[in-house]
Amino acid sequence: MKKSVKAALAVTLSAVVLCAALGWWQFSQTDFQERQVHHELAQEADPSIGDAEIPEDFIVGDDFTSHLPLVVIDTAGQEIVNYKYYDAEIDAFVEPADVDPYTRMTVSVIDNGSHVNRLGDAPAVQSSGKLKIRGNTSASSRYPKKQYRIKLLTETGEKNSVGLMGMTASDDWILNGTPLDRSHLRNYLAMNIGGMVFPETPDMRYCEAVLKTDAGYEYLGLYILYEAVERGEGRVELSRYDESQVQCDFLLRRDRYETEGIILDTYATREGLTEEYLEVQYPPQDRITPETVSWITEQINQIERLLYSENVPDMAEVERYLNVDTFVDYFIINEFFMNYDAGLHSTYLHQQIGGTLEIGPLWDFDGAMDNYDKELGVFYETTMEVRSYLDALLKVPGFAERVESRYHELRKTVLSQEYLESFIDQAQAFLGNAAARDASRWDAVFAAALPELEEEETGLTVDRTVSSSQEESQRIKDVLALHGEYLDENIQSLERYTDTWIYGGQNANFLSILFILAFFIS
């Protein structure tokens, strides 16, 4: 081969390698954010340590051992009471106004660098605090495995901001036992994958929790410790609120009506154009002024009047008010993982002064991936197009195309079936004996979590209950494969909402007049 040809091939090959390297650099640096994933951070841990079962009375001693961090709750004998209940008249879960739902306690976290943690070890962190049962699922008597909100306090009762298990320091933490999810993976999978796109999505770590008693330690099970959705460094990046100023950065949540919250009376809520209610999460309720509430309301009113106008807004106009890319990604992540609670409940939005409204962080995938206890998941349809704001955005020319393009981009990387199955396998193996111990404690609960339901299309009864966390992990793979294949072939069909709006909706009369005029002129 001539030297010139060899040189040309060498240059071409170098260019290909360079382009590939640059492409990967751009993928890793631009498209996706660095994410602290627990099973990767602790990959040298031995998941097989510790017994695979716990005693029948659920009491363990100082020799209890796990490769996961241990959370020890000591209420000094006080019962942790569930005060939350469902009020059918207002379709909301409420707590009695005259009762403090929190129980005072001390919490200790045993988290050794060796990934061998025993209850008899000295804790890495210990703090006074208080906790309460949280979440609508926990409020139900059907699920005795509860989740908790933990507030860390100093000895004098002030907020105590502490970093736990390598996560950003805070005084506010969520201890979630995933009582509906036998795999223990749904939130961990979706929020970590989604967190690569939404960097403000809370970090999380697996752990095992116990309650200190006179007899020893009551084993509570396998849990995930979450960062809470809140304003702060490493959380949702918003400026601190200044009461002397009317305008401010703010954080909102769309959810069921909250009797004790600050609920915004916005245009779309009054007109019945959106579902559920928008509540102010930040600024805090005890500091926000009525003037600031009015100002935030008007910011949302401007957006809602634009989105739900009789005339189709163009994308340039929408982008004056919304960070559209966040809505594109929110649509895709929640649709792909079949999280059909999104857009209704636990849906966060935030905005900085002078900026545009963003949707996120992501939250709550317990019922996703065909794990809803009242309805079967349907793999061959999409649902996010009927959710608040997303329904209006799909009518804006260009939005559906951006969803389609971004979906295919993500499908080649973090949403690819190969990547997801590898992630699931590694995470499931990482749980090891901790998942087995949890099963020995809560197996009866999981057996009743998903009742048999009738499939509408066939009339057949479907039983989704499996016998182990491994089988449930496989079911997640199957669910994602089926829904992913459907989206691969049909994601472009979302463009029909734009076409219907332009050609069959509000602009149809104008186009009809043009056609009639053209006919008579000709």
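Look a little higher up for the structure.
Residues numbered from 1 in each chain as written. Predicted model: local features only at pLDDT ≥ 70, side-chain atom pairs only at ≥ 80, totals over all residues. Heavy atoms only, no water.

So, about the packing of helix H4 (residues 186-195) against helix H11 (residues 417-447). The angle between the axes and the distance between the axes are what describe a pair of packed helices. Two elements in contact, H4 and H11, have axes whose closest approach is 11 Å; the angle formed by their N-to-C orientations is 130°. By the criterion of interaxial angle, the relationship of H4 to H11 is oblique. The hand of the H4/H11 crossing is right-handed. Across the interface between the two elements, Tyr 188, Leu 189, Asn 192 and Ile 193 of H4 pack against Tyr 419, Leu 420, Phe 423, Ile 424 and Ala 427 of H11. Across the contact of H4 with H11, the residue classes tally to eight nonpolar, one polar and no charged. (Axes fitted to C-alpha atoms, helices over the stretch in contact; angles between N-to-C directions. Helix = DSSP H or I, 4+ residues; strand = E, 2+ residues; numbered from the N terminus. Parallel < 35°, antiparallel > 145°, perpendicular 65-115°, else oblique. Left-handed = near helix turned anticlockwise from the far one by under 90°. Contact = heavy atoms within 4.5 Å. Nonpolar A, V, L, I, M, F, W, Y, C, P; charged D, E, K, R; others polar.)

Take the side chain of Glu 472 next. For Glu 472, the location among the structural elements is in helix H12 (residues 469-490). Excluding its chain neighbours within four sequence positions, the residues that come into contact with Glu 472 are Asp 181, Arg 182, Ser 183, Arg 186, Asn 371, Arg 464 and Val 466.

So, on to the environment of Glu 243. Mapped onto the elements, Glu 243 comes out in the loop between strand E12 (216-227) and strand E13 (250-255). For Glu 243, a relative accessible area of 38% translates into the label partly exposed. Placed 46 residues apart in sequence, Glu 243 and Thr 289 show a C-alpha to C-alpha distance of 6.8 Å. In this structure Glu 243 touches Arg 287 and Thr 289, once residues within four positions along its chain are discounted. (Buried < 20%, exposed > 50% of the residue type's maximum accessible area, 1.4 Å probe, protein only.)

Looking now at helix H6 (residues 290-307). Helix length check: H6, at 18 residues, gives a terminal C-alpha distance of 26 Å against a target of 26 Å (1.5 Å per residue), a fit within 8%. Three or more residues of H6 are buried, namely Thr 292, Val 293, Trp 295, Ile 296, Thr 297, Gln 299, Ile 300, Asn 301, Ile 303, Glu 304, Leu 306 and Leu 307. Contact partners of the buried residues in H6: E13, helix H5 (267-270), strand E14 (277-282), helix H7 (315-318), strand E15 (347-351) and helix H9 (390-393). (Expected span 1.5 Å × (residues − 1).)

The next thing to look at is the pattern of salt bridges. Counted by the stated rule, this structure contains 27 salt bridges. Arg 182 is the partner of Asp 443 in a salt bridge, and the nearest nitrogen-oxygen pair spans 2.3 Å. Of this pair, Asp 443 sits in helix H11 while Arg 182 is found in the loop between strand E10 (172-176) and H4, placing the two residues 261 residues apart along the sequence. A salt bridge links Glu 298 to Arg 305; its shortest N-O distance comes to 3.5 Å. Connected through shared salt-bridge partners, Asp 181, Arg 186, Asp 370, Arg 464, Glu 472 and Arg 475 make up one network. (Salt bridge = Lys/Arg side-chain N within 4 Å of Asp/Glu carboxyl O.)

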